[in-house]
Every structure is written in structure tokens, then in C-alpha cells.
Amino acid sequence: MLHTLAVMVENDPGVLARVSGLFSRRGYNIYSLTVCQTENPDLSMMTIVVEGDSQVIEQVTKQLHKLVVVHKVTNLSQESVVNRELALVRVKVKSDTRLEVLQTVDIFRGRVVDMGKNNLTIELTGDEEKIDAFVRTMRSYGILELVRTGKIAIARSDN
């Protein structure tokens, strides 16, 4: 099972290497890893997606807490969350397929961010399933380039 961990860390050089090294030393594969400074410039939030059963995740969480640079670890898999990915997809277009691709982008609520004579670059945000569905749809036109951020997540508010 995939688990999403939110790890609050110090915003210092080498922190990413220390945290990712913890996973690699134990033979755990990181499926997705995003890192960005938080509202506090001294802290960064890592969103890490890793596979494992509850024992593996418990062990990883304990090991993360032992690192001095780690302030907080939250397993978001056990909470109601809002999660998103960002994808940039460069798609091959011809004069007879351009309109069809643009309509598909509109259906997926994407946005064209760059346009060339023979290609479009599309920005799309959504959950993993939405991004995957869009990529599958665009394959028939010819994907020239694809980059994805990986998952970011935040717990829902308690209203």
C-alpha cells in the first residue's frame, strides 16, 4: 500500500540527502518526493509517497523522528486530505488535430502554456488518476515530453 508522509524539516542544505538516504539505506523505494519552503522560511515540507505495510511505515516514521533536522512527521494516508499533482505535457499537433487536442485540454480543465507550430505545452493539475487519464488520452496524439511534480498533500480543515 502507498502511504503519503508529510515531513516538516529544517530548510538547510543537505537535509534532503539525509532524509532520502534514510529510505535508501533501508531499501525502501520513494515513489514521489516533493519539497518546498513553508510559510516559515526556516522550515520546508517534504511530501513523501512510499510503499509499505503499517509496520514499515511505523519504522520509517520512528527513524525520521530520530533525525535532528525533522520537526514533525504526519502519515496523511490516515487522514482526509487534499492532494494534487502538476504535469506539463508537450503534445505533437497537426493542423487537423490541434482543435481536438485543445478541446480535450478544456475537458480536463488544463491550460495551454506554450504553443509551437507543431506542438502544444499543457499544464494540468489534479489527482494522480486525472493526470494519468490525461496522459493516456494524449498518447494517441504523440507525447513529446512529460514532467510531473509528484504528489503534494495537506490535511483537510476540521470545520
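The shown structure was predicted, so the numbers you read here are calculated from the model rather than taken from an experiment. (Residues numbered from 1 in each chain as written. Predicted model: local features only at pLDDT ≥ 70, side-chain atom pairs only at ≥ 80, totals over all residues. Heavy atoms only, no water.)

Caption draft 1: Examining the environment of L16 more closely. Here L16 shows up in helix α1 (residues 15-25). On a C-alpha basis, the gap between L16 and A6 in space is 13 Å, while along the polypeptide they are ten residues apart. Not counting residues within four places of it along the chain, the set of residues in contact with L16 comprises L33, V35 and M46. (Helix = DSSP H or I, 4+ residues; strand = E, 2+ residues; numbered from the N terminus. Contact = heavy atoms within 4.5 Å.)

Caption draft 2: Examining the side chain of T97 more closely. Following the sequence through the fold, T97 ends up in the loop between β5 (81-92) and α3 (98-107). Of note is the side chain of T97, whose polar atom sits 2.9 Å from the backbone nitrogen of K94. (Polar contact = N/O pair within 3.5 Å; in protein donor to acceptor, adjacent residues only side chain to side chain.)

Caption draft 3: Spatial organisation of the nonpolar core. Counting 19 residues, the largest nonpolar core has L5, V7, V19, F23, L64 and V70 as the members making the most contacts within it. Those elements giving two or more residues to this core turn out to be β1 (2-10), α1, β3 (43-51), α2 (54-66) and β4 (70-75). If near-sequence neighbours (up to four positions away) are discounted, V19 is found in contact with V9, M46, I48, L64, L67 and V70. V91, V93, V101 and Y141 belong to the second largest nonpolar core, which has 15 residues in total. (Core = buried A, V, L, I, M, F, W, Y, C linked by side-chain atoms within 4.5 Å. Buried < 20%, exposed > 50% of the residue type's maximum accessible area, 1.4 Å probe, protein only.)

Caption draft 4: Geometry of a nonpolar patch on the surface. A grouping of L86, L88, V113 and V147 is seen on the molecular surface, where their side chains present a nonpolar patch of about 260 Å² in accessible area. Tracing the chain through its elements places V113 in strand β6 (residues 111-115). On the basis of relative accessibility, which here comes to 38%, the residue V113 falls in the partly exposed class. (Patch = residues over 30% accessible without salt bridge, like charges linked within 9 Å, V, L, I, M, F, W, Y side chains within 5 Å. Areas by Shrake-Rupley, 256 points an atom, 1.4 Å probe, with all protein chains shown as cover. Salt bridge = Lys/Arg side-chain N within 4 Å of Asp/Glu carboxyl O.)

Caption draft 5: Spotlight on the side chain of K151. By the element assignment, K151 lies in the loop between β8 (143-148) and β9 (152-155). Buried within the structure, K151 lacks any salt-bridge partner; its nearest side chain of opposite charge belongs to E128, at an N-O separation of 5.5 Å. Within the structure, K151 has its side chain in polar contact with the side chain of T4 (distance 3.2 Å). Apart from residues no more than four positions distant in its own chain, K151 is found in contact with T4, S32, T34, T47, V49, N83, R84 and E85. (Lys, Arg positive; Asp, Glu negative; His and termini not counted.)

Nothing here speaks to function; it is all geometry.
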